[in-house]
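Close look at the chain arrangement
Chain by chain, the residues run as shown.
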Protein chains: 2
Amino acid sequence: MSEEPAAGPKESPRGPREVWKKGGRLLSVLLAVNVLLLACTLVSGGAFNKVAVYDTDVFALLTTMMLLAALWIAFYLLRTARCPDAVPYRDAHAGPIWLRGGLVLFGICTLVMDVFKTGYYSSFFECQSAIKILHPLTQAVFVIVQTYFLWVSAKDCVHVHLDLTRCGLMFTLSTNLAIWMAAVVDESVHQAGSHSNASHARLAPDRECHARCPLAGGDCPCATTVCRIFEQGYFYLYPFNIEYSLFASTMLYVMWKNVGRLLASSTHGHGHGHPPSRASLFRETFFVGPVLGLMLLLVGLAVFVIYEVQVSGDGGHTQQALVTYYSFNIACLGLMTLVSLSGSVIYRFDRRAMDHHKNPTRTLDVALLMGAALGQYAISYYSIVAVVVGVPRDTLGALSLAHALLVIAQHTFQNVFIIESLHRGPPGAEPHDAPPKEPCLTFANPDALHTLPACPPTPSLEGPSLEGPQEAMAIILAPRAHWRRRCLRDISLFLLLGNIILWIMPAFGARPHFSNKVEVDFYGYSLWAAIVNICLPFGIFYRMHAVSSLLEVYVLA
Amino acid sequence: MSEEPAAGPKESPRGPREVWKKGGRLLSVLLAVNVLLLACTLVSGGAFNKVAVYDTDVFALLTTMMLLAALWIAFYLLRTARCPDAVPYRDAHAGPIWLRGGLVLFGICTLVMDVFKTGYYSSFFECQSAIKILHPLTQAVFVIVQTYFLWVSAKDCVHVHLDLTRCGLMFTLSTNLAIWMAAVVDESVHQAGSHSNASHARLAPDRECHARCPLAGGDCPCATTVCRIFEQGYFYLYPFNIEYSLFASTMLYVMWKNVGRLLASSTHGHGHGHPPSRASLFRETFFVGPVLGLMLLLVGLAVFVIYEVQVSGDGGHTQQALVTYYSFNIACLGLMTLVSLSGSVIYRFDRRAMDHHKNPTRTLDVALLMGAALGQYAISYYSIVAVVVGVPRDTLGALSLAHALLVIAQHTFQNVFIIESLHRGPPGAEPHDAPPKEPCLTFANPDALHTLPACPPTPSLEGPSLEGPQEAMAIILAPRAHWRRRCLRDISLFLLLGNIILWIMPAFGARPHFSNKVEVDFYGYSLWAAIVNICLPFGIFYRMHAVSSLLEVYVLA
């Protein structure tokens, strides 16, 4: 619940105004919090084999929530289609094309996962509860409906049934977060099971295959090859399902923030900020960033495959695999830290104005980058304490320490770089040195200009209105600005590819946290598993979110 | 990191403006996050007896942090005293008298606690690390310096060394939060120790008195009576220390938000919103609220004493004690829910305008009320699931279920009531029905008025400027408004006293969560202890914070 200023600079004085916007938001937030906590209770209860909450309870709750959310979405689509006044404004910053494209991509992978899941549970249909087959089918319907809804409506600023729309959006958001929680917990249980079977059996003697374990129940074996393929397949597709839920959640949150928002006229709104255009996805670079990044990506994939093969082998090569893994990660993180830093240095010479306009999408991006980084920060600090305080200091301990310190540095400098990039004005909006001569122009409070009827709307800070005497200056400055902007594009592409490889490794199952015994021995298996299983999903989400933010930085540079 | 609108309604166009305020904030937030995570790692590591982090490590870290923070505060006080331009504006909403008064009160209790702690550790000086005696002494110095600092500077809007001030404030804030974490963990360990000794020995066989336990170490017994008194005393004073840290944190956060803020001229700033005056602490009521509330408080104290005596006794009366405890709580929560609801109903007939102005103090209050309520929400949902899914359904289960449901309802309706109250304009500022006639007056965007030089500053919505034709209306409306406002004052006082008794019980050690076997048997001791020990501190903080918010509601009604 952030304080809403009475009227931001972009709000126009036309149209009816809500008496108390925060009151309507409060109701929907309360609904979401309660639904989410109920789901959280059931999901976390279902994760513990000693607790008498079963996965069928969780599936039943999720299926109900998805059906209700799909019904609300259908109602919303019908209503806005019939009432042309329902959506008078559209937020140009919301739902950019790469976010919607990513949503569709991950949605398709989720559909494939649902097919696999249905196939897997159908293999032993006779001894399973019907809800286990109903759940993936409902999820498929929900994903299709929701992806269509977000594709067409992500930019809407709705102005009818405000409270109902807010509650509906928050309920759909809660549904997505509940699905995310369930998927993360299911994956963690699966990972813990495979790890305790392989290398950590001695550390986790009480974690035998229990009621939640898909292979459990001697009377229902998953013996056929098809069944095994389905099972393997759907666990490999989980990372996409997880990202789908989070992408949908961020888009729903921005829609919720935009309910009842009054924007200036459509053209004016586009003139503000920087509407991403499809053509700008391919832009001039020095090719150094993309080439280096691609090399990093390929080397990383090779390291990942070697690591997985060696760790899941007989156990003799674990040490060697860990050294390879950590060495690659340290090199990669060090390089990315230096590149982020040089990006920040370039901005020190950049004279584009900062964009101070209200932009819920950007606010959310910044909050998510800062918040999701906490996951990796926490794991790193626990590692550092374990290595520094712990007694046996060997190569792996030193590597782990270096890795943890570089993770902190990389997250910090990358966040600083991305957040500064997102706040730069559009290219070409460099302020002139001399103090402004026009009577209307005051840099002390440029946003007050919007409210002064005598001035032309948003003069001199917007790209399109750069005309007259400033045009000459823009031409003089062009080569230098161009060089800097090309550099920034290279940097963002390199960081983007680096984040992709750092996403792939943990998302597809690399867990050096457990293979490396330093922290496990220091904290004990259960405490360390709790820390990693709670924090790592945020770390993985951070990588994915950084990729989408860096894509935006690249397009805007 | 919430999005800062380019120029809020209260910011004046005078004075130099920071190029990018969020950049400076970003740095200080990063500093705070890193310091806090390091402290969190050490504190949580120290709480587990199997982990090789000792309480001396935690004490050393906290002592260092407190010394650094005290040094920075001294530097700040010297600098602002020497430079009269450092604080050009003061935020009238920040640091109201009851918050500062509460801070001093809790600060004094913390000093007493430090005396007890020093005395306790001095009792076996020879076999303790010196840091254990240094820590309470440093804390005493820190509390004195910080309380003076917050008393004189809580309203400051600093305008020199912006980044340094932000970092200093955030570091002091992190120090307070680290002290809070350490105190909460220490208290939880102590509670768990006493509970596992008394009634839960069978459930927690592995929780014997370990290195952290103050009585541990057979060579260092706390045998003398004075030593035992010191030990008992300092554990009873912990709740005040915890509240002190949280109060100081909220005030530091508001100061941080106010760094570099440009306000309109001082008188103008006061005209906005509703500056609390000291005289208004005693106001006319119907006496129903305070009398009922005091009765509730006294009955509650009696129930609490009976409960503590019966539970810590031989164990035969535990069932009876729990029935008494739950019955009182259910009655109390039910009454408070109804009263909050009636308060919200009264607001439906209230025609005062909503106050849309920017106010960091209020934003923080709302966020803390909503956030802190999550703790009790979570415990309640876990209780509900345990009772509904669990098999043995007896009286205690039913009482526990009713209690959990009422806790959710009470938090929800009380939050709605308090948040709506905090957003009401000052009394007498009822908007007129007819649309405004003045050419300068537009209700769609009243804040834009500040930037229009032709209009008088903030007309018609401010209390002091209510003159001319509106005065007559105010007089006509007076009797009705007066009746309603008196009612609201009664409601807020009743809720205030109810929250005090609901704060006292858990803060001073009532833990029906463990005496009542329903949840412990369902989740197992360690999981349920983790849930309660993480969530309950937030629930306790919620009560204290609700008390301070309700005091504000009472004064403003």
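Summarised in this report is the structure supplied together with it. Starting from 1, residues in each chain are numbered consecutively following that chain's sequence as written. All chains are assigned letters beginning with A, and all ligands numbers beginning with 1, in the order in which they are written. Owing to the predicted nature of the model, reporting of local features is limited to residues with pLDDT of at least 70; listing and counting of side-chain atom pairs is limited to 80 or more, with chain, interface and lining totals taken over all residues. Hydrogens and waters are ignored; side-chain quantities use all the structure's heavy atoms.

Some points on the overall build of chain A
- Within chain A, the secondary structure is distributed over 16 helices and two strands.
- Relative accessibility under 20% of the residue-type maximum defines a buried residue, over 50% an exposed one, and the middle range a partly exposed one, all with a 1.4 Å probe and only protein chains included. Counting over 557 residues, chain A shows a buried share of 60%.
- Of all intrachain contacts in chain A linking residues separated by at least 6 positions in sequence, the fraction that spans at least 24 positions is 88%. Helical segments are the DSSP runs of H or I of at least four residues, strand segments are the runs of E of at least two, and each set is numbered from the N terminus. It only takes one pair of heavy atoms within 4.5 Å for two residues to be counted as in contact.

Quick look at the packing of aromatic side chains
- Only centres within 6.5 Å qualify two rings of Phe, Tyr or Trp (six-membered ring in Trp) as a pair; their planes then separate them into stacked at under 30 degrees, edge-to-face at over 60, and tilted for everything else. Per the counting criterion, the structure on display carries 46 aromatic pairs over all chains.
- Look at Trp 72 of chain B and Tyr 76 of chain B: their rings are 5.5 Å apart centre to centre, the planes differ by 40°, and that puts the pair in the tilted class. Here Trp 72 of chain B and its partner Tyr 76 of chain B are both found in helix H2 (residues 55-82), four residues apart, which amounts to about one turn of the helix. Per residue, the accessibility class of Trp 72 of chain B equals that of Tyr 76 of chain B, and both read buried.
- Judged by centre distance (5.7 Å) and plane angle (65°), the ring pair of Phe 116 of chain B and Phe 230 of chain B falls under edge-to-face. One end of the pair, Phe 116 of chain B, is in helix H3 (residues 97-123); the other, Phe 230 of chain B, is in helix H6 (residues 225-258), and 114 residues separate them in sequence.
- A relative accessible area of 21% means that Phe 230 of chain B is categorised as partly exposed.
- Members of the aromatic cluster, joined through ring pairs, are Phe 106, Phe 240, Phe 247, Trp 503 and Phe 508 of chain A.
- Criterion for a charge above a ring: Lys NZ or Arg CZ within 6 Å of the ring centre, and within 35 degrees of the ring normal. Above the ring of Trp 151 of chain A, the side-chain terminus of Arg 100 of chain A is found at 4.8 Å from the ring centroid.

Section: the side chain of Lys 117 of chain A
- Assignment of secondary structure puts Lys 117 of chain A in helix H3 (residues 97-123).
- Of the side chains with opposite charge, Asp 186 of chain A lies nearest to the buried Lys 117 of chain A, which makes no salt bridge, at 4.9 Å. Neither His nor the chain ends contribute to the count of charged residues, in which Lys and Arg are positive and Asp and Glu negative. Put simply, a salt bridge is a Lys or Arg side-chain nitrogen that is within 4 Å of an Asp or Glu carboxyl oxygen.

Remarks on unusual backbone geometry
All names here are of chain A.
- Phi at His 161 is positive, roughly 45°, even though this residue is not glycine.
- Here His 161 shows up in the loop between strand E2 (156-157) and helix H5 (162-198).
- Owing to a relative accessible area of 48%, His 161 belongs among the partly exposed residues under this scheme.

Remarks on the nonpolar core
- We call a set of buried residues a nonpolar core when its members are Ala, Val, Leu, Ile, Met, Phe, Trp, Tyr or Cys and they connect through side-chain atoms within 4.5 Å of each other. Core analysis: the biggest nonpolar cluster contains 308 residues, and Phe 149 of chain A together with Phe 149 of chain B have the highest contact counts within it.
- Not counting residues up to four positions away in its chain, the partners in contact with Phe 149 of chain A are Trp 72, Ile 73, Tyr 76, Leu 77, Ala 154, Leu 169, Leu 252 and Met 255 of chain A.

Concerning the packing of helix H10 (residues 318-348) of chain A against helix H12 (residues 395-422) of chain A
Residues and elements named next belong to chain A.
- In this analysis an axis means a line fitted to C-alpha atoms, helices contributing only their contacting stretch, and an angle means the value between N-to-C directions, from 0 to 180 degrees. With their axes 8 Å apart at the nearest point, H10 and H12 run at an angle of 30° to one another. Here H10 is positioned roughly parallel relative to H12, judged by the angle of their axes. You can see that H10 and H12 cross each other, and the crossing is left-handed.
- Residue classes in the contact of H10 with H12 are distributed as 17 nonpolar, twelve polar and two charged. Each angle is binned into one of four classes, with values under 35 degrees roughly parallel, values over 145 roughly antiparallel, values of 65 to 115 roughly perpendicular, and all other values oblique. Here a crossing is called left-handed whenever its near helix is offset anticlockwise from the far helix by less than a right angle, and right-handed whenever the offset is clockwise. Under the convention adopted here, Pro, Cys and the residues Ala, Val, Leu, Ile, Met, Phe, Trp and Tyr are nonpolar, Asp, Glu, Lys and Arg are charged, and Gly plus all remaining residues are polar.

Concerning a nonpolar patch on the surface
- Patch membership needs two things, relative accessible area over 30% and no salt bridge, and members are linked within 9 Å if like-charged or within 5 Å if nonpolar (Val, Leu, Ile, Met, Phe, Trp, Tyr). Where accessible areas are quoted, they stem from the Shrake-Rupley method and a 1.4 Å probe; at the residue level, only the protein chains shown are allowed to cover. A surface patch of nonpolar side chains, about 710 Å² in accessible area, is lined by Phe 286, Phe 287, Val 288, Val 291, Leu 292, Met 295 and Trp 483 of chain A.
- Sort the elements by how many residues they give to the nonpolar patch and helix H9 (residues 288-311) of chain A lands first, with four residues.

Quick look at the environment of Gly 498 of chain A
- Note that Gly 498 of chain A resides in helix H13 (residues 469-507).
- With near-sequence residues (within four places) excluded, Gly 498 of chain A lies in contact with Leu 296 and Met 336 of chain A.

Points about the pattern of salt bridges
- Considering all chains together, one arrives at 14 salt bridges over all chains under this definition.
- A salt bridge links Asp 55 of chain B to Lys 132 of chain B; the shortest N-O distance between them is 3.2 Å. One end of the pair, Asp 55 of chain B, is in helix H2; the other, Lys 132 of chain B, is in helix H4 (residues 131-153), and 77 residues separate them in sequence.
- The buried category is assigned to Asp 55 of chain B, whose relative accessible area is 11%.
- What makes Lys 132 of chain B buried here is its relative accessible area of 9%.
- A network of salt bridges, in which partner residues are shared, links Arg 348, Glu 420 and Arg 424 of chain A.

So, the packing of H6 of chain B against helix H10 (residues 360-389) of chain B
Residues and elements named next belong to chain B.
- The contact between H6 and H10 brings their axes to 9 Å, and the two run at 135°. The angle between H6 and H10 places the two elements in the oblique class. Both H6 and H10 take part in a crossing whose hand is right-handed. Two secondary-structure elements touch here, H6 through Thr 250, Tyr 253, Val 254, Lys 257 and Asn 258 and H10 through Pro 360, Thr 361, Leu 364 and Leu 368.
- Of the residues that constitute the contact of H6 with H10, the class distribution is five nonpolar, three polar and one charged.

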